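Structural overview for review
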Amino acid sequence: MKPRITYSIRPANPKGHRFEVDLLIQEPDLKGQSVQLPRWIPGSYMIRDFSKHVESIKAHSFISKKVGQTIHLHQVDNDTWQLAPYAGPVLVQIVVYAFDTSVRTAYLDQFRGFYNHSSLCLQVLGQTDQPCQIIIHKPTWTSGWEVVTTLPKKQVNAQGFGTYQASSYEELIDHPVSLGKFQYVKWISHQIPHLMVIQGAGQVIDTKRLSANLQAICNGHITFFEPKSSRAPFNQYIFHVNAISQGYGGLEHHNSTALLCKRSDLPYKNSPDSPSKNNAYEDFLGLCSHEYFHAWLVKRIQPLAFQPYQLDRKNFSTLLWLFEGFTSYYDDLLLLRSACISKEHYLNRLLRTVNQIQKNPGRHKQSVSDSSFDAWTKYYQMDANTPNAVVSYYAKGSLIAFALDLLIREATQHVKSLDDVMRLLWQRHGSFKHTPGLGLSEHDFEGAVLTVTGVSFKDKWQNFALNYIKGTADIPVIELLASQGIRTTKKRLSKTEQIVSQLGVRTANQDGWLKITQVLDHALAQQAGLAPDDVIVSLNQERVTPANWLKLLEQFSTQPLKILAFRSDQLKTFYIPNRIKPIAEYVLQVP
């Protein structure tokens, strides 16, 4: 039986960065079939309008494997086209520009290829629930390339080129594809084959070290959700890694993830360790842990508001503090439990999050519930005022999880913990199938918490949620750590660190000039009238450059400051005569 929908994908023009994609629809809507590219990709909450990269689109009849008459296409909006009524198979052909190194879209050059199907494959409206076939063609302009994807195989060659299948469009866009040559890292976690493919590293990866760490991490995640059976909800898992000079991020999928990291984050053979190198590697392992945790929390335990995904519009949820924040809590905690980092390193990473949040005045203006809902226009579209107006549902969400974990342990005499809440969510809302489980609402989460703790915890929970989730109160992490016998102290700031904290400006190098990118509320720079986009040219009659800025601040740290800066190409003068108390930073207290 012929599949009703077939996609043929050709990496056609690597130097021009173009994929050619054919969509064959066997049974188009007789009233005029509509096709559409998604406006966003699940897991990245921002309208991307992938259709902007479509360079051409055309349609023809397709009879006996031959292209026939032209069929008129009417563009309905930026993302949608409607074919003229036609009774019979139609072929829609598009050319897509692909030169985005992020994990969200598509990329092609003569060295590597990567894509999400949401960037290349038009959805057939009215038939998105139908099975589809995907043919990935071998490039004619190179040799030695392979295909790596978790798409179910139908008929492929040894290099992975050939025919794949998906049960629906939603399943199709949940399987990213990497093309090219790779360094491979392989391991087994609880009988499930795992694979990491790395491109762009430039050196030989220490696969022994990486596989040992990743195996421990993945073992820990699987047993976290299924402590009795150690059963994973997938039969394979792939980490797609693109290593570049500067970059960091990940995007979760059903049984894979796409990761972006710095080359310096990765472990290499015969490469000496250093504290900074180890910290960078821990960050990479934390990223792997974070996206892997999402295979349960987000991909299978899912917000009710995301069921089903509506790919032509924003999908709003107030629960990203849970789905991203709690994942951020457990990504590091499971590194500790899997012995990939020490307790000291774990606590330092926790304090780094505390210090990061404390530096942003926006934490007192926006709750994590509101931040979740507004992610589409605020968190994912950061600007000069973001630190003053937005709280990170990732960072504060992780501290909410930490505090709630301790609160549950205290209320139950350490019989129960947040782990039990997460496992109950998995039992009630998870799924071992490809489709997610029963959608999760705020009420459902509260119900899980009270099921674990008992109804006597209700008042504590509601006060906690009112203050920290719906409200903007600071989470007393330092006090909570002290209650566990973990001592911290305020960091002794250098003169430079003090004046930088007091000034409250963030800067960037713009063609050799020091440009202000952000000014924090109530800090000295704002009080003096400095603003984003001002270009600082002198400090106390000394020329300022990106290279000497901090040195000059230290030199004049105890004196009144006179700053000359260009605003809209006009030279202005700003005076900073006073000082304020710098923002406290916390570190572990050395015994």
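Higher on the page you've got the structure.
Residues numbered from 1 in each chain as written. Predicted model: local features only at pLDDT ≥ 70, side-chain atom pairs only at ≥ 80, totals over all residues. Heavy atoms only, no water.

Some points on helix 4 (residues 275-293)
With 19 residues, helix 4 extends 26 Å from end C-alpha to end C-alpha; this agrees with the ideal 27 Å at 1.5 Å per step. Taking burial as the measure, the 19 residues of helix 4 include 14 buried ones, the bulk of the element. (Helix = DSSP H or I, 4+ residues; strand = E, 2+ residues; numbered from the N terminus. Expected span 1.5 Å × (residues − 1). Buried < 20%, exposed > 50% of the residue type's maximum accessible area, 1.4 Å probe, protein only.)

Notes on the packing of helix 3 (residues 207-225) against helix 5 (residues 320-337)
In contact at an axis separation of 9 Å, helix 3 and helix 5 are set at 110° when each is read in the N-to-C sense. Judged by the inter-axis angle, helix 3 sits roughly perpendicular to helix 5. Classified by chirality, the crossing of helix 5 by helix 3 is right-handed. Judged by residue contacts, I217, G220, H221 and F224 of helix 3 engage Y330, L334, L335 and R337 from helix 5. (Axes fitted to C-alpha atoms, helices over the stretch in contact; angles between N-to-C directions. Parallel < 35°, antiparallel > 145°, perpendicular 65-115°, else oblique. Left-handed = near helix turned anticlockwise from the far one by under 90°. Contact = heavy atoms within 4.5 Å.)

Side note on empty space enclosed by the protein
Scanning all chains against the criterion turns up 3 cavities of 30 Å³ or more. Taken as a whole, the largest cavity encloses approximately 90 Å³ of empty space. Around the largest cavity, the lining is made up of 15 residues, and of these R112, F114, H240, V241 and N242 lie nearest the centre. Within the residue set of the lining of the largest cavity, elements represented by two or more residues are strand 10 (112-115), strand 18 (192-199), strand 19 (237-244) and strand 21 (256-262). (1 Å grid on protein atoms, 1.4 Å probe; cavity = no way out; pocket = protein on both sides within 12 Å on 5 of 7 lines; lining within 4 Å. Points joined across faces, edges and corners; volume = space filled by probe spheres on them.)

With respect to the pairing of strand 21
The element strand 21 is largely enclosed, with a buried count of 6 among its 7 residues. Here strand 19 pairs with strand 21 via 7 bridges, running parallel. For V241, the partnering residue across the bridge sits in strand 21 and is L259. Linking strand 20 (residues 249-252) to strand 21, which pair antiparallel, is a turn of 3 residues. (Pairing = 2+ DSSP bridges.)

Points about the sheet that holds strand 16 (residues 177-180)
Strand order in this open sheet of 4 strands is 9-10-16-13, and the pairing throughout is antiparallel. Each edge of the sheet is formed by a strand with only one pairing partner; in this case those strands are strand 9 (106-108) and strand 13 (146-149). Across the sheet, the axes of successive neighbouring strands diverge by a mean angle of 15°, strand direction being ignored. As defined by bridge partners, strand 13 adjoins strand 16 across 4 bridges and the pair is classed as antiparallel. Residue pairing in the sheet places T149 in a bridge with V177 of strand 16.

Here we look at the pairing of strand 12 (residues 132-136)
Extensive coverage of strand 12 is indicated by the burial of 4 of its 5 residues. Here 5 bridges tie strand 1 (residues 5-13) to strand 12, and the two strands are oriented parallel to one another. Bridge assignment links I9 to a residue of strand 12, and that residue is I136. Of the strand pairs in this sheet, strand 12 and strand 15 (residues 162-166) are connected by 5 bridges, and their pairing is antiparallel. Bridge assignment links C132 to a residue of strand 15, and that residue is A166.

Here we look at the pattern of salt bridges
Side chains bearing opposite charge may pair, as long as their charged atoms lie close to each other. For the structure shown, the criterion picks out 20 salt bridges. A salt bridge links R4 to E27; its shortest N-O distance comes to 3.8 Å. With R4 in the segment before strand 1 and E27 in the loop between strand 2 (18-25) and strand 3 (34-36), this residue pair connects regions lying 23 residues apart in the sequence. The class for R4 is partly exposed, based on a relative accessible area of 25%. R363 is the salt-bridge partner of D474, the closest N and O atoms lying 2.8 Å from each other. Within this pair, whereas D474 is found in the loop between helix 12 (458-469) and helix 13 (477-483), its partner R363 is found in the loop between helix 6 (343-358) and helix 7 (368-373), the two being separated by 111 residues in sequence. Salt bridges sharing partners connect three or more residues here, namely E282, D283, D332, R349 and R352. (Salt bridge = Lys/Arg side-chain N within 4 Å of Asp/Glu carboxyl O.)

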